[in-house]
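The lines below spell out each chain.
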Amino acid sequence: FRLAVLPLTNISANDEDAYFADGMTEELISSLSKINGLRVIARSSVMKYKNVNKDIREIGKELMVGSVLEGSVR
């Protein structure tokens, strides 16, 4: 099973929290990649989708994954 974790969106009022969002994205990718049988797309491959307004199904096809995780931090 292949999974892509998209860069988390910073929805806080503070733009400096973008650093936190990037760190959480990296931590999710790292933690999920330790699950046996789960293939997680590398951070370098998903970061190009940061701040991109694109259909999630299209992103999934481009990355050739079965699921895409997206989220936000506040």
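Below is a short write-up of the structure. Because the structure is predicted, anything quoted here is derived from the model rather than measured.

Digging into the nonpolar core
- In this structure, Ala 4, Val 5, Leu 32, Val 40, Ile 41, Val 46 and Leu 63 are the most contacted members of the largest nonpolar core, which totals 14 residues.
- Listing elements by their share of this core, those giving two or more residues are strand S1 (2-5), helix H1 (18-32) and helix H3 (56-63).

A closer look at the environment of Ile 56
- Note on placement: Ile 56 falls in helix H3.
- Its relative accessible area of 28% is what places Ile 56 among the partly exposed residues.
- Excluding its chain neighbours within four sequence positions, the residues that come into contact with Ile 56 are Leu 6, Val 68 and Glu 70.

Focus: the sheet that holds strand S3 (residues 39-40)
- One open sheet holds the 3 strands; their spatial order is S3-S1-S4, and the pairing between them is parallel. Either end of the sheet is taken by a strand with one partner, and the two such strands are S3 and strand S4 (67-69).
- The pairing of S1 with S3 spans 2 bridges and is parallel. Following the sheet pairing, Leu 3 is matched in S3 by Val 40.
- Across the face of the sheet, H1 comes into contact with S1, S3 and S4 while running at roughly 165° to S1.

Looking at the pairing of S1
- Sheet topology places S1 next to S4; 3 bridges connect them, and they run parallel. Each residue of the ladder has a partner; that of Val 5, found in S4, is Leu 69.

Examining unusual backbone geometry
- The phi angle at Asn 51 is positive, at roughly 60°, despite the residue not being glycine.
- Mapped onto the fold, Asn 51 is located in the loop between helix H2 (43-46) and H3.
- We note that Met 64 has phi near 55°; this positive angle belongs to a residue other than glycine.
- Summarising the element assignment, Met 64 is placed in the loop between H3 and S4.
- Judged by its relative accessible area of 63%, Met 64 falls in the exposed class.

Analysis parameters
- Residues numbered from 1 in each chain as written.
- Predicted model: local features only at pLDDT ≥ 70, side-chain atom pairs only at ≥ 80, totals over all residues.
- Heavy atoms only, no water.
- Core = buried A, V, L, I, M, F, W, Y, C linked by side-chain atoms within 4.5 Å.
- Buried < 20%, exposed > 50% of the residue type's maximum accessible area, 1.4 Å probe, protein only.
- Helix = DSSP H or I, 4+ residues; strand = E, 2+ residues; numbered from the N terminus.
- Contact = heavy atoms within 4.5 Å.
- Pairing = 2+ DSSP bridges.
- Axes fitted to C-alpha atoms, helices over the stretch in contact; angles between N-to-C directions.

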